[in-house]
Amino acid sequence: QVQLAEAGGGLVQAGGSLRLSCVASVSSYAMGWFRQAPGKEREFVAGISWRGSRTYYVDSVKGRFTISRDNAKNTVYLQMLSLKPEDTAVYYCAATTVLIGTDLLDKYDYWGQGTQVTVSS
């Protein structure tokens, strides 16, 4: 059983930044970040391959968010810059056995409990 624990959420003003982290109990998985706003479906935000050589982003965060990983620490990060009110959501870390990474929600087998990100205008 893979366990994931997110941290780093909070309240920030528009234009601000946050860095989310996710510690996993194992490192041999590709990882992803998803988010879910109230009344909306969970959506893919960013993904990274097992070795960190491939990254994927939803168009709305390209140029603002960066996903990275440190396999020595079993940790994946999501650096979020120039935050907008529409980025407000619960952010979830997830792990997949698709080692090159994927943006498909149903390919992710393990999920963290989520961390709230709120961006005020």
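Scroll up a little and you will see the structure.
These numbers were taken from a predicted model, which means no experiment stands behind them.

**Describing the sheet that holds strand 7 (residues 65–70)**
Spatial strand order, 1-3-8-7: four strands in an open sheet with antiparallel pairing. With one partner strand each, in any of the chains shown, strand 1 (4–7) and strand 7 form the two edges of the open sheet. Neighbouring strand axes in the sheet, compared pairwise and without regard to direction, differ in orientation by 15 degrees on average. Judged from the four bridges that link them, strand 1 and strand 3 (residues 18–24) form a sheet pairing that is antiparallel. Bridging from a neighbouring strand, Glu6 pairs with Cys22 of strand 3.

**Some details on the packing of aromatic side chains**
Counted according to the given criterion, the structure contains five aromatic pairs. When the centroid spacing of 5.9 Å and the interplanar angle of 90 degrees are considered together, the rings of Tyr29 and Tyr110 count as edge-to-face. Of this pair, Tyr29 sits in the loop between strand 3 and strand 4 (30–36) while Tyr110 sits in strand 10 (residues 108–111); the two residues are 81 residues apart in sequence, bridging distant segments of the chain. Of the residues examined, Tyr110 reaches a relative accessible area of 21% and is grouped as partly exposed. A ring pair is formed by Phe34 and Phe44, whose centres lie 5.6 Å apart and whose planes are at 75 degrees; its orientation type is edge-to-face. Here Phe34, found in strand 4, pairs with Phe44, found in strand 5 (residues 43–48); they are ten residues apart in sequence, far enough to count as distant. Members of the aromatic cluster, connected to one another through ring pairs, are Phe34, Phe44, Tyr108 and Trp111.

The rules we used
Residues numbered from 1 in each chain as written. Predicted model: local features only at pLDDT ≥ 70, side-chain atom pairs only at ≥ 80, totals over all residues. Heavy atoms only, no water. Pairing = 2+ DSSP bridges. Helix = DSSP H or I, 4+ residues; strand = E, 2+ residues; numbered from the N terminus. Axes fitted to C-alpha atoms, helices over the stretch in contact; angles between N-to-C directions. Phe/Tyr/Trp six-rings, centres within 6.5 Å; stacked < 30°, edge-to-face > 60°. Buried < 20%, exposed > 50% of the residue type's maximum accessible area, 1.4 Å probe, protein only.

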